[in-house]
Amino acid sequence: MVGLKPIDPEDVVLLARPGPVDVSPGGDVAVVLARADLERNRYLSEVRVYTSGGEVYFIQADAAGSAQWSPEGRLLAFAGRVNVPEKEEGMGVYVAGRGGGPRLVAWFKHGVEAFSWLSSDRLAVASRKPLEGKWDPDGDYAVTDGLPALEDGAGVTAGLGYAVYTVDLDSGRPVEAASGEGRLAAFTTCRGRVYYAVAEDWRDPLSHTLKEVEPGGEARTVLKGYTIEALRCVGGELYALMHRRPIGLASHARLHRVDPASGGVECLTCGVDWNAWRISGELEGRPVLLYPRRGASVLAVVEGRDRLRDLTPGDAFVHAASARGGVVAYWLSTPTRPPELFVERPGEGGGREQLTTVNRWFTEKYAGSLREPVYFRVKAAGDEVDAWAIDPKPGEEKPVILFIHGGPKGLYGYYFHPEMRFFASRGFLVVYSNPRGSDGYSEEFADIRGRYGEVDYEQIMAALNEAVERFKGDRERMAVTGISYGGYMTNVIVTRTDAFRAAVPENGVADWVADYWASDIGYYFNPDQIGGTPLDNLEEYVKRSPAFHAGRVKTPLLIIHSLEDYRCFVDQALAMHAAVRLSGGESRLVIFKSGSHGFSVLGRPKARLKRLKLKLEWLEEKLGVKSGGKGEGGGS
């Protein structure tokens, strides 16, 4: 059989990355996207506007965040950096008129956490703020009495609290409306007031206080005791995605309508056993939700209590969306098509219209290499688990790569995964699944507290075994890889079985004890998921830590980690590498000197490219594969 055309690693990095979307009252669509520039080792970020009249205009900006239309749709605001030297700290809020260039409204030295329109001529902006006596003006040191001292993606945040400002567009003068210790969890404006959720006690960061502040007034508490993941004003009413942690961090977020005056709440989706990711606007005066379902990401309108009407298909993935005034815009990908921006007008009976072609070049170049994954289910450990396989050479024996997603409340499924496509094009049978703990299923299914490396291990391996049998995988040439929780499970697997000839754990956990002290979330995540602390439950922490069982490892490891990962600190990679090598096993450690926890996707372009090449070289060497870039699809 003729093999697939191997995908070039450079092309994986060059795929455009979708960003936030916003629809104006008049039906114009603003969207943020980023493209990699390998030569200059940076990302080209831009805001695009697609008008209802068919015009398109562009605004170039470094590190552009969300773009939001003013209440009447006359102006567009966005956070980012326009023509600013790379070494200058901070981020600005800009506004642009229709087709005009951006104007800097205000600059925030400690960045922009979130912003929202208060009125047609005023913005509300959330930023970080140095706490008195805890932040050196020269930046030489910072002081904290609590946790965390470092935050992934933000660096040293000890000594920083939060501040909420109102900013007049004409003067550009920020006026502080509220401030305090902690970091904001959610932020919005509604009816001329600012609403924000904050963890006031660092010891209990999952318990948020919802506050309201009116310009010129004092902040007041609306409600307490919920974990609040998102806030949004829809039709003049305040909505929140929140929960009371029935299964801790893995709990599903439910849509609630909040009455700020009384603090009363009404849950609109508590009878629907799906998690909710975002409130993406309104359609016909009703909230629109983005939620995961069995490997898909679906946009739906909330038609009533516990009644959702899907707007997008259940075999695709919506990455970001916005709905307003009868117009719905969203980034959509499928397993064989990278993300593109689409718009629909459901009330007018219009079909889906594609607005962008930013990744069309990739689809055209590799059309013959983008085969549909095969979906299957496997029974294991009391569940039926969803799984998929990308078979590059049906009917022929081929090497195997098992991918494990992050989380554990992450998911695989119906979205375009460039790295899976890359390895499938080079002849590897790619296998992936959603074991217990994954998102997109019931809340009970998401709960693996105290069972890490048990039921999930059984189900992952069951899916692998089914795929190998069904699609003629070569059991003598199998590899396993994953990032974050996937890196942890890769470490676990090689302490439990010798079935793999190679493993690539990335930015994962190997020692829960060390992770408890060092990770920016370890001090509350680990007690929630593992149980207790190392001080009162050391035996369980050691039991769940692969580094303590490294003497069993016979599989060669390529451990990849980024030095600026403060979610799974670099000590995790050091622990696993040292434990394996000192036990006589084979391990190669690669430390990238920059990049946060998500550096495989968000890191600098050249680092991402080097990472992918290192991974390919290791797997080809250990599995005896030579794809060679000659279109052979990875023959043996």
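Predicted model, so just to flag it, every value in this text is computed and none were measured.

**Q** Is there a simple way to think about the overall build of the protein chain in this case?
**A** The helix and strand tally for the protein chain stands at 11 helices and 37 strands. On C-alpha atoms alone, the protein chain measures out to a radius of gyration of 24 Å, which is about the 26 Å that the 2.2 N^0.38 rule sets for 636 residues. By principal-axis analysis of the C-alpha atoms, the protein chain measures approximately 70 × 55 × 50 Å. For the protein chain, the proportion of its 636 residues judged to be buried stands at 60%. With an accessible surface of roughly 24800 Å², the protein chain has 47% of that area assigned to carbon and sulfur atoms. Of the charged side chains in the protein chain, 77 are positive and 85 negative, and the gap between their average positions amounts to 3 Å.

**Q** Mind showing me how you'd approach the nonpolar core here?
**A** Generally speaking, a soluble globular protein has its nonpolar side chains buried in company with each other. Membership of the largest hydrophobic core comes to 53 residues, with the highest contact counts inside it found for L402, L464, I493 and M576. Not counting residues up to four positions away in its chain, the partners in contact with I493 are L402, I404, Y457, I460, M461, V480 and F500. Membership of the second largest hydrophobic core comes to 42 residues, among which are Y291, F592, W618 and L623.

**Q** How do you make sense of the sheet that holds strand β3 (residues 42–50) when you look at a structure like this?
**A** Picture the strands of a sheet paired through backbone hydrogen bonds; they go either parallel or antiparallel. Across the sheet, four strands lie side by side as β1-β2-β3-β4; this open sheet has antiparallel pairing. Bordering the open sheet on either side are β1 (17–23) and β4 (56–60), each of which pairs with just one other strand. Each adjacent strand pair in this sheet contributes to an overall mean axis angle of 25°, direction not counted. Sheet analysis places β3 next to β4, joined by five bridges and oriented antiparallel. Following the sheet pairing, E46 is matched in β4 by Q60.

**Q** What's the story with the packing of helix α4 (residues 455–470) against helix α5 (residues 485–496) in this structure? I'm lost.
**A** The relative placement of two packed helices comes down to the angle between their axes together with the axis-to-axis distance. Two elements in contact, α4 and α5, have axes whose closest approach is 11 Å; the angle formed by their N-to-C orientations is 80°. When the axes of α4 and α5 are compared, the pair comes out roughly perpendicular. Mapping the contact onto sequence places D456, Y457, I460 and M461 in α4 and Y485, M489, I493 and R496 in α5. The residue inventory of the contact of α4 with α5, partitioned by class, reads six nonpolar, no polar and two charged.

**Q** It is not clear to me how the state of the cysteines should be interpreted in this structure. Could you clarify?
**A** Where two cysteines share a covalent bond between their sulfur atoms, that bond is called a disulfide. Summed over all chains, the structure comprises two disulfides. A sulfur-sulfur separation of 2.0 Å characterises the disulfide bridge that pairs C190 with C233. Taking the sign of the S-S torsion, about 50° here, the bridge from C190 to C233 comes out right-handed. Taken together, the residues span a long stretch of sequence, with C190 in strand β15 (residues 184–190) and C233 in strand β18 (residues 220–234) at a distance of 43 residues.

**Q** Please clarify how helix α9 (residues 571–582) should be interpreted in this entry.
**A** An α-helix turns once every 3.6 residues. As a result, residues three or four positions apart point the same way. The terminal C-alpha atoms of α9 lie 16 Å apart, and with 12 residues this matches the ideal 16 Å at 1.5 Å per residue to within 8%. Restricting attention to buried positions, one finds in α9 the residues Q572, A573, M576, A579 and V580. Down the axis of α9, the buried set is contained in an arc of 140°. They therefore lie on one face. Contacts made by the buried residues of α9 are with α5, α6 (512–518), β36 (557–562) and β37 (587–592). Phi for G584, located one or two positions after α9, is positive at around 95°.

**Q** So what exactly am I meant to see when it comes to the packing of helix α3 (residues 418–425) against helix α11 (residues 605–623) here?
**A** Close contact between α3 and α11 brings their axes to 12 Å; oriented N to C, the two are set at 40°. α11 is crossed by α3, and the crossing has right-handed handedness. Within the contact between the two elements, α3 uses E419, F422 and F423 and α11 uses R611, L612, K615, L616 and L619. Looking at side-chain class alone, the contact of α3 with α11 contains five nonpolar, no polar and three charged residues.

**Q** I tried to follow the packing of aromatic side chains on my own but got confused; where do I start?
**A** Centre distance and the angle of the planes are the two values used to describe a pair of aromatic rings. Taken as a whole and judged by the stated rule, the model has 30 aromatic pairs. Taken together, a centroid distance of 6.4 Å and an interplanar angle of 40° make the contact between Y485 and Y488 tilted. Of this pair, Y485 and Y488 both sit in helix α5, separated by three residues, roughly a single helical turn. Among the aromatic residues, those joined into a ring-pair cluster are Y375, W388, Y412, Y414 and Y432. Over the aromatic face of Y43 sits the side chain of R17, whose NZ or CZ is 4.7 Å from the ring centroid.

**Q** What is the right way to look at the pairing of strand β8 (residues 103–108) in this model?
**A** Side-chain positions along a regular strand alternate between the two faces of the sheet. Here strand β7 (residues 91–97) pairs with β8 via five bridges, running antiparallel. By the bridge assignment for β8, M91 is matched with F108. Here β7 hands over to β8 after five residues, with G99 in that stretch at a positive phi of 80°.

**Q** Explain the pattern of salt bridges here, please?
**A** Any two side chains of opposite charge can pair, so long as their charged atoms come close to each other. As enumerated under the stated definition, the model contains 51 salt bridges in all. Among the ionic pairs, R42 bridges to D62, the shortest N-O distance being 2.5 Å. A residue pair is termed long-range when its members are at least 10 positions apart, and R42 in strand β3 and D62 in the loop between β4 and β5 (67–69) qualify at 20 residues. Taking relative accessible area as the criterion, R42 reaches 29% and is therefore assigned partly exposed.

**Q** When you look at the sheet that holds β8 in this model, what are you seeing that I'm missing?
**A** Reading across the sheet, the four strands line up as β5-β6-β7-β8 and stay open at both edges, with antiparallel pairing between neighbours. One side of each edge strand has no neighbouring strand; the edge strands of this open sheet are β5 and β8. Neighbouring strand axes in the sheet, compared pairwise and without regard to direction, differ in orientation by 20° on average. Both strand β6 (residues 75–80) and β7 contribute to a ladder of six bridges, which runs antiparallel. When the bridges of β7 are listed, F78 appears paired with Y94.

**Q** Is there a simple way to think about a nonpolar patch on the surface in this case?
**A** Side chains of L563, L574 and I591 sit close together on the surface and give an oily, nonpolar patch of about 230 Å² of accessible area. Within the secondary structure, I591 is located in strand β37.

**Q** Honestly, the confidence of the model for the protein chain in this entry has me stumped. Any pointers?
**A** Mean pLDDT over the protein chain stands at 95; residues scoring 70 or higher make up 97%. Under a pLDDT of 50 for its full length, residues 629–636 has, in the predicted model, 27 contacts with residues more than four places off or in other chains.

Analysis parameters
Residues numbered from 1 in each chain as written. Predicted model: local features only at pLDDT ≥ 70, side-chain atom pairs only at ≥ 80, totals over all residues. Heavy atoms only, no water. Helix = DSSP H or I, 4+ residues; strand = E, 2+ residues; numbered from the N terminus. Rg over C-alpha atoms; globule rule 2.2 N^0.38 Å. Buried < 20%, exposed > 50% of the residue type's maximum accessible area, 1.4 Å probe, protein only. Areas by Shrake-Rupley, 256 points an atom, 1.4 Å probe, with all protein chains shown as cover. Lys, Arg positive; Asp, Glu negative; His and termini not counted. Charge placed at Lys NZ, Arg CZ, Asp CG, Glu CD. Core = buried A, V, L, I, M, F, W, Y, C linked by side-chain atoms within 4.5 Å. Contact = heavy atoms within 4.5 Å. Pairing = 2+ DSSP bridges. Axes fitted to C-alpha atoms, helices over the stretch in contact; angles between N-to-C directions. Parallel < 35°, antiparallel > 145°, perpendicular 65-115°, else oblique. Nonpolar A, V, L, I, M, F, W, Y, C, P; charged D, E, K, R; others polar. Disulfide = S-S within 2.5 Å. Expected span 1.5 Å × (residues − 1). Arc of directions from axis to C-beta. Left-handed = near helix turned anticlockwise from the far one by under 90°. Phe/Tyr/Trp six-rings, centres within 6.5 Å; stacked < 30°, edge-to-face > 60°. Lys NZ or Arg CZ within 6 Å of the ring centre and 35° of its normal. Salt bridge = Lys/Arg side-chain N within 4 Å of Asp/Glu carboxyl O. Patch = residues over 30% accessible without salt bridge, like charges linked within 9 Å, V, L, I, M, F, W, Y side chains within 5 Å. pLDDT = per-residue confidence, 0-100.

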